[in-house]
Amino acid sequence: MHEQVEQTKRTRAVWLIAVLVALVALVAGCTVGSGEGGSGAAAPTTEAAPVAEVTENPVAGAVDVSPVAPISVSVADGTLTEVALTNPDGKVVQGALSPDKTSYAITEPLGYGVEYTWSGSALGSDDKAVDITGAFTTVEPDSRTSVSTNIGDGQEVGIAAPIILQFDSAIADKAAVEKALTVTTNPPTPGAWAWFPDDNGSRIHWRPTNYWAPGTTVSVDAKLYGVNYGDGAYGADDVTLNFSIGRSQIVVADATSHRMQVVRDGQTIMDIPVSYGEGNEDRNVTRSGIHVVTEKHEDFLMSNPPFYENVRERWAVRISNNGEFIHANPLTTGVQGASNVTNGCINLSDADAQEYFQTAMYGDPVEVTGTRIDLSAADGDLYDWAIDWPTWESMSAV
């Protein structure tokens, strides 16, 4: 009986051990995760983000962007596979991809008040693509200012001709405009820009320190489109101008001598009797100083109230906007070379006036001396050579 009881105890012990082993195995099986050999479900994993980083200039959503500002897209840790900037009509703006394909820059001016949209993609060093998206809007000016020039493209002018840019409205930020202007000459010629008082809009003149050298070629590049003129105005267009300087011709006009010389390339080609302004009134004084030939007419109606009005004169060469001409006047032929009796113009005989007329060119200097009133701003819009050089330089906005 005792042995039977012991046997029963041993059997129960074995059974308990077996149950415990089974429970341990069951628990171990339930706790196996995603490790090797595990029989449970794998935990979810997060995919790494693309490494390519795209930068737009200007940033997406930018407004009032200058149409000539640098516009570009670049990528870090990757290359650009395709890029396009389009306007609302779907037209693609011209641009250029860098040799290493990491940047793309716009190469033409944009329009005013237009929304432009980027499209395309970049491929990262991890072979993952990144879309290029985004849009920006260029500035819409309150007004657009145009400019005209006094010299025509391809024109040949005299050695005293200034370069004049006449704007069709007043310019608030003159420094911004002046910085957009470039004058290139061959041979190199020192000179400077100067702002003159507004006359139906702002105006700026460029002239050399001294007369131009004959044969000089001149190029003006006015990058004015997109320039902020201030007060809501922007440049309407770029302006370019190419012209050349012709022969040297200087009129030497000493009122006390009652004569006038025409000096061509250092040689006197005319030395003729003339009559200058009588000078009994300020209005009749021929102004002393360097005048500039601006226009000429075979026939011209002249007025100087109350003395005369609409009198037909021949071979008229304008040298100032105050009414000063070099022209024929048969009525003063008898005193030409002896006394000054005119109303301010330089009077010549018909034959001498016609001969001089044929030689005159826009921009020729006419150097008048020997009178009691100097040429000044009161005498019109072209008195550039009456301004000394330090004063001229002070008239620059920069």
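Residues numbered from 1 in each chain as written. Predicted model: local features only at pLDDT ≥ 70, side-chain atom pairs only at ≥ 80, totals over all residues. Heavy atoms only, no water.

Chemist: Just to check I follow, could you spell out the overall build of the protein for this structure?
Modeler: What the protein contains, in helices and strands, is 4 helices and 28 strands. Taking all 398 residues of the protein together, the buried fraction comes to 41%. Sequence-distant contacts in the protein: of pairs separated by 6 or more residues, those separated by 24 or more amount to 63%. Here the protein has roughly 20300 Å² of accessible surface; of this, 52% comes from carbon and sulfur atoms. (Helix = DSSP H or I, 4+ residues; strand = E, 2+ residues; numbered from the N terminus. Buried < 20%, exposed > 50% of the residue type's maximum accessible area, 1.4 Å probe, protein only. Contact = heavy atoms within 4.5 Å. Areas by Shrake-Rupley, 256 points an atom, 1.4 Å probe, with all protein chains shown as cover.)

Chemist: Would you explain the nonpolar core in this entry?
Modeler: A general feature of soluble globular proteins is that nonpolar side chains tend to end up buried together. If you look at the biggest cluster of nonpolar residues, it comprises 35 residues, and the most contacted ones within it are Ile163, Phe167, Trp212, Leu224, Tyr229 and Phe243. Where this core is concerned, the elements lending two or more residues are strand S12 (163–167), strand S14 (191–196), strand S15 (203–208), strand S16 (217–222) and strand S19 (239–245). Ranked by size, the runner-up nonpolar core spans 23 residues in total, among them Ala255, Ile319, Leu348 and Val366. (Core = buried A, V, L, I, M, F, W, Y, C linked by side-chain atoms within 4.5 Å.)

Chemist: Please explain the environment of Ala161 as it appears in this structure.
Modeler: Relative to the helices and strands, Ala161 is located in the loop between strand S11 (156–157) and S12. Its relative accessible area of 0% is what places Ala161 among the buried residues. A C-alpha to C-alpha distance of 8.4 Å links Ala161 and Tyr211, two positions 50 residues apart in sequence. Residues within four places of Ala161 in sequence aside, it is in contact with Trp212, Tyr362 and Gly363.

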